[in-house]
Amino acid sequence: MSIVAEQSEQSEQSEHEAGRAAPAPVRTPRTLEAAGDLLRALAAPVRIAIVLQLRESPRCVHDLVDALGVTQPLISQHLRVLKSASVVHGERHGREVVYSLVDDHLAHIVVDAVAHAEEGR
């Protein structure tokens, strides 16, 4: 093989390697399981609606009942799931518990999922 052909082949090979994306970091099974648990906790339409409401501001159960038109026991049940998944936390204010999101990452997941679903229509 000539020197020019060899250099051309090396150049093409370098360009191909440069265009290749770096491999994604490998996650531990524990991390992947926790991420799956979080996604399962967010997988119900009522829970998605609750997260969207809490994204706007902290709310108590009766605020969520009024906003979503769902019964109090059902809202409470979904809040228990979200709380056990560390999506929301509650803070007692007198007789009421005011719920809020643990952090903004969770709201981004839900907002992106809703936006993606709306794009598909």
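All figures in this text were calculated on a predicted structure; none of them were measured in a lab.

Draft legend 1. Structural detail: the overall build of the protein chain. Summing up its helical and strand segments, the protein chain has six helices and three strands in all. Along the protein chain, helices (α) and strands (β) appear in the sequence α-α-α-β-α-α-β-β-α when read from the amino end. Among the 121 residues that make up the protein chain, the fraction classed as buried is 22%. Looking at the protein chain as shown, the accessible area adds up to about 8800 Å², and 54% of this sits on carbon and sulfur atoms.

Draft legend 2. Summary view of helix H6 (residues 104–119). Here H6 spans 22 Å end to end across 16 residues, near enough to the 22 Å set by a 1.5 Å rise per residue. Looking at H6, one finds that the buried residues are Leu106, Ala107 and Val110. Each buried residue of H6 lies within a common arc of 100° when the element is viewed along its axis, so the set occupies one face. Projecting away from the buried face of H6 at angles above 90 degrees are the exposed residues Asp104, His105, Asp112, His116 and Glu119. Next to the buried residues of H6 lie helix H2 (29–41), helix H3 (45–56) and strand E3 (96–101). If you check the start of H6, you find a side-chain oxygen 3.0 Å away from the backbone N of His105, and it comes from Asp103.

Draft legend 3. Fine view of the pairing of strand E2 (residues 88–93). By the bridge criterion, six bridges tie E2 to E3 in an arrangement that is antiparallel. Considered in E3, the bridge of Val88 is made with Leu101. Hairpin geometry of E2 and E3 is characterised by an intervening segment of two residues between the two adjacent antiparallel strands and by a positive phi of about 65° at Gly94.

Draft legend 4. The arrangement of the nonpolar core in detail. Leu79, Val87 and Val88 are the most contacted members of the largest nonpolar core, which has 17 residues in total. Mapped onto this core, the elements with two or more residues apiece are H3, helix H4 (61–68), helix H5 (72–84), E3 and H6. Residues within four places of Val88 in sequence aside, it is in contact with Leu54, Leu79, Leu82, Lys83, Tyr99, Ser100, Leu101 and Val102.

Draft legend 5. Main features of the sheet that holds E3. What the three strands build is an open sheet, ordered E1-E3-E2; its pairing is antiparallel. Looking along the sheet, the strands with just one partner apiece sit at the ends: strand E1 (59–60) and E2. Inspection of the sheet shows E1 paired to E3 by two bridges, in the antiparallel sense. Bridged to Cys60 within E3 is Val98.

Draft legend 6. Fine view of unusual backbone geometry. Although it is not a glycine, Ser86 sits at a positive phi angle of roughly 60°. Its place among the elements puts Ser86 in the loop between H5 and E2.

Draft legend 7. Region of interest: the packing of H3 against H5. Relative orientation of the contacting elements H3 and H5 amounts to 80°, with a least axis distance of 10 Å. When the axes of H3 and H5 are compared, the pair comes out roughly perpendicular. Contacts between H3 and H5 involve Val46, Arg47, Ile50 and Val51 from the former and Ile75, His78, Leu79, Val81 and Leu82 from the latter. For the contact of H3 with H5, the class distribution of residues is seven nonpolar, one polar and one charged.

Calculation criteria
Residues numbered from 1 in each chain as written. Predicted model: local features only at pLDDT ≥ 70, side-chain atom pairs only at ≥ 80, totals over all residues. Heavy atoms only, no water. Helix = DSSP H or I, 4+ residues; strand = E, 2+ residues; numbered from the N terminus. Buried < 20%, exposed > 50% of the residue type's maximum accessible area, 1.4 Å probe, protein only. Areas by Shrake-Rupley, 256 points an atom, 1.4 Å probe, with all protein chains shown as cover. Expected span 1.5 Å × (residues − 1). Arc of directions from axis to C-beta. Contact = heavy atoms within 4.5 Å. Polar contact = N/O pair within 3.5 Å; in protein donor to acceptor, adjacent residues only side chain to side chain. Pairing = 2+ DSSP bridges. Core = buried A, V, L, I, M, F, W, Y, C linked by side-chain atoms within 4.5 Å. Axes fitted to C-alpha atoms, helices over the stretch in contact; angles between N-to-C directions. Parallel < 35°, antiparallel > 145°, perpendicular 65-115°, else oblique. Nonpolar A, V, L, I, M, F, W, Y, C, P; charged D, E, K, R; others polar.

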